[in-house]
Amino acid sequence: MLFRRRARMLRWLVCGRVGPVWMWKALLLFVAIAFAGQLLGVIFNKSSVQPAARSIFSSPDAQGPSLGSCQPHTHIMFLKTHKTASSTVLNMLYRFGEERDLHFALPLGYQLGYPLPFNAHRVKGYRGPRAVEFHIMGNHMRFNKLEVEKVMPADTFYFSIIRDPVALAESSFAYYKEVAPAFRKTKGLGDFADNPHKYYDPRLRNNHYARNLLWFDFGLDHNANFSISLAQRGQAMIRQAFKLILVSEYFDQSMILLRHALCWPLDAVVSFSLNARQQKPSGIGGISGSWVGKAAAAAGVGGRGARSQAKALPNLSLTEEQREKLRQWNALDWYLYKAFNKTFWEEIDRFGHAQMEQEVALLRTRRDDLARVCLRDGGKPVEAHRIRDKNIRPFQSGLIKILGYELQPGLDNATRTACLRMIRPEIQYKDVLDAKQFPRAPAIPAQPGQQVPMVAAAGSFLRQDLSRTGERLIGGEAGGRTMEADWDGSRLIRGNRTLIRGQEKGRLR
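As a starting point, this report considers the structure included with it.

Criteria and cut-off values
- Residues numbered from 1 in each chain as written.
- Predicted model: local features only at pLDDT ≥ 70, side-chain atom pairs only at ≥ 80, totals over all residues.
- Heavy atoms only, no water.
- Pairing = 2+ DSSP bridges.
- Helix = DSSP H or I, 4+ residues; strand = E, 2+ residues; numbered from the N terminus.
- Contact = heavy atoms within 4.5 Å.
- Axes fitted to C-alpha atoms, helices over the stretch in contact; angles between N-to-C directions.
- Salt bridge = Lys/Arg side-chain N within 4 Å of Asp/Glu carboxyl O.
- Buried < 20%, exposed > 50% of the residue type's maximum accessible area, 1.4 Å probe, protein only.
- Expected span 1.5 Å × (residues − 1).
- Core = buried A, V, L, I, M, F, W, Y, C linked by side-chain atoms within 4.5 Å.

### Side note on the sheet that holds strand 2 (residues 136-137)
Inference 1: On the basis of which strands lie adjacent, the open sheet formed by 4 strands has the order 2-1-3-4 and parallel pairing. Looking along the sheet, the strands with just one partner apiece sit at the ends: strand 2 and strand 4 (244-247).
Inference 2: Sheet analysis places strand 1 (residues 76-79) next to strand 2, joined by 2 bridges and oriented parallel. Counted as the bridge partner of Ile76 is Ile136 from strand 2.
Inference 3: In this fold helix 3 (residues 86-99) packs onto strand 1, strand 2 and strand 3 (157-162), with an angle of close to 160° to the strand it touches most, strand 1.

### Description of the pattern of salt bridges
Inference 1: Taken as a whole, this structure holds 23 salt bridges when the rule is applied.
Inference 2: A salt bridge links Asp194 to Lys325, with the nearest nitrogen and oxygen atoms 3.3 Å apart. Taken together, the residues Asp194 in helix 7 (residues 189-194) and Lys325 in helix 14 (residues 320-329) connect sequence positions 131 residues apart.
Inference 3: Accessibility expressed as a relative area gives 40% for Asp194, which makes it partly exposed.

### A short note on helix 15 (residues 331-351)
Inference 1: Compared with an ideal rise of 1.5 Å per residue, which puts 21 residues at 30 Å, helix 15 spans 30 Å between its outermost C-alpha atoms and is within 8% of the ideal.
Inference 2: Of the residues trailing helix 15, Gly352 is marked for its positive phi of about 110°.

### Some thoughts on the side chain of Asn330
Inference 1: Turning to its location among the elements, Asn330 is positioned in the loop between helix 14 and helix 15.
Inference 2: Classification of Asn330 by relative accessible area gives buried; the value is 5%.
Inference 3: Ignoring sequence-local partners within four residues, the contact set of Asn330 consists of Pro165, Ala210, Arg211 and Asn212.

### Overview of the nonpolar core
Inference 1: Met137, Val151, Phe159 and Phe242 are the most contacted members of the largest nonpolar core, which has 113 residues in total.
Inference 2: For this core, the leading source of residues is helix 15, giving 8 residues.
Inference 3: Aside from chain neighbours lying at most four places away, what touches Phe159 is Ile76, Met77, Phe78, Leu79, Val89, Leu93, Phe242, Leu244, Leu246 and Leu258.

### Remarks on unusual backbone geometry
Inference 1: Cis geometry is adopted by the peptide bond preceding Pro115, which originates at Tyr114 and carries an omega value of 10°.
Inference 2: Position of Pro115 among the secondary structure elements: in the loop between helix 3 and strand 2.
Inference 3: Even without being glycine, Lys83 reaches a positive phi, approximately 55°.
Inference 4: For Lys83, the location among the structural elements is in the loop between strand 1 and helix 3.
Inference 5: Of note in this structure, Cys263 is not a glycine but carries a positive phi near 60°.

Quick look at the structure:
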């Protein structure tokens, strides 16, 4: 009886005070559904929120095989020889240095006084021995070791790259047909090879492009008569100055040797070919607007004759006999190439052929992977006018077309930045680094009657004429001397191939 009485009381409390049973059932069902929905939502959210995609440049493959406990070299001097894939190598140096905030020995314009022998005051911001620690030097120069040593630290790693003189002559002819007088009047490279003395005058400006160009870039007398003793002395000088000489024809093997010599990660030596020319031009190119065009104008190439010549693309066809004649004409270069090609393969023997094959395969795989990620249309180089982003269009040199790349759309910021560094052309990249190292102060409007400071005036002149063929002349010539301006407006006086910093205000000395 007691149990029944308590049960009736409980039913009365539940039904009368709290509500009917069906309401409780509905409430319990609603709570169950809500809990299940929340649980499913958490599950779906976890599956839909993906972790931030890691850039391909941060993957373990970017490091490559272990190099042991060595430390990366950061003091580097690269002699950028002409037409040897040196622009691609310079891009690697630019990338490596920019990523690590290293300091570059940059030119006032775009070359370090070339074709004059290098002088330390050609480096932007140079202020006497060891005034500033420069880490990397690599823009075009005619090598002068004593002057380079004024700029670069004692532990600097020197290296350069060479190329078969016949292939180099073909490329030089294509690029400098309108610049070198020896090439200008020829029917083609074969015509020049048959009788170079007919066209070549050593006294004429820019003819160094037509004979022993490697020998010239290394700072030697490229017009000297060939002899074994002379060639051996030149080779010995280069071997003493440079710790590594790469070979353009074996570029990938060269990059592996360079990586181990510098103790760099694999990605630092993975590259896309830059400044490459179109092998089969689809149209007619011109020289207007290019630095070669400006050099041609300065050398007196112009008028109707030049325009009519510009309609004909360079004829680079050669017979085997003509190729041999070019080797004889460039005998000093040919000797260097054979000698350093031999030592290059001796380096690979010491490195180990099996290991070299493995690392070259890794490098090529990595290049393919980065090309798929970074580059549009499978990584094929395209003509400059087809590149949508004008900031990465390569400048055009001579009558042939220089190819470039387009970035893959939709890249995340980190990947896009890294990819952009790999394809940014040399001239634009130099400007980017220049702006970082030497940020310009905002222009201050001059008050009426106020004199414009020398630094502002000089900077304005330099910005107006960033010519690849030399620095802007500020004051003209007087007594055989030329006054130029450094980046901060300091006066530089060039006389007898030497730059002297002006100390007295308003006076040349």
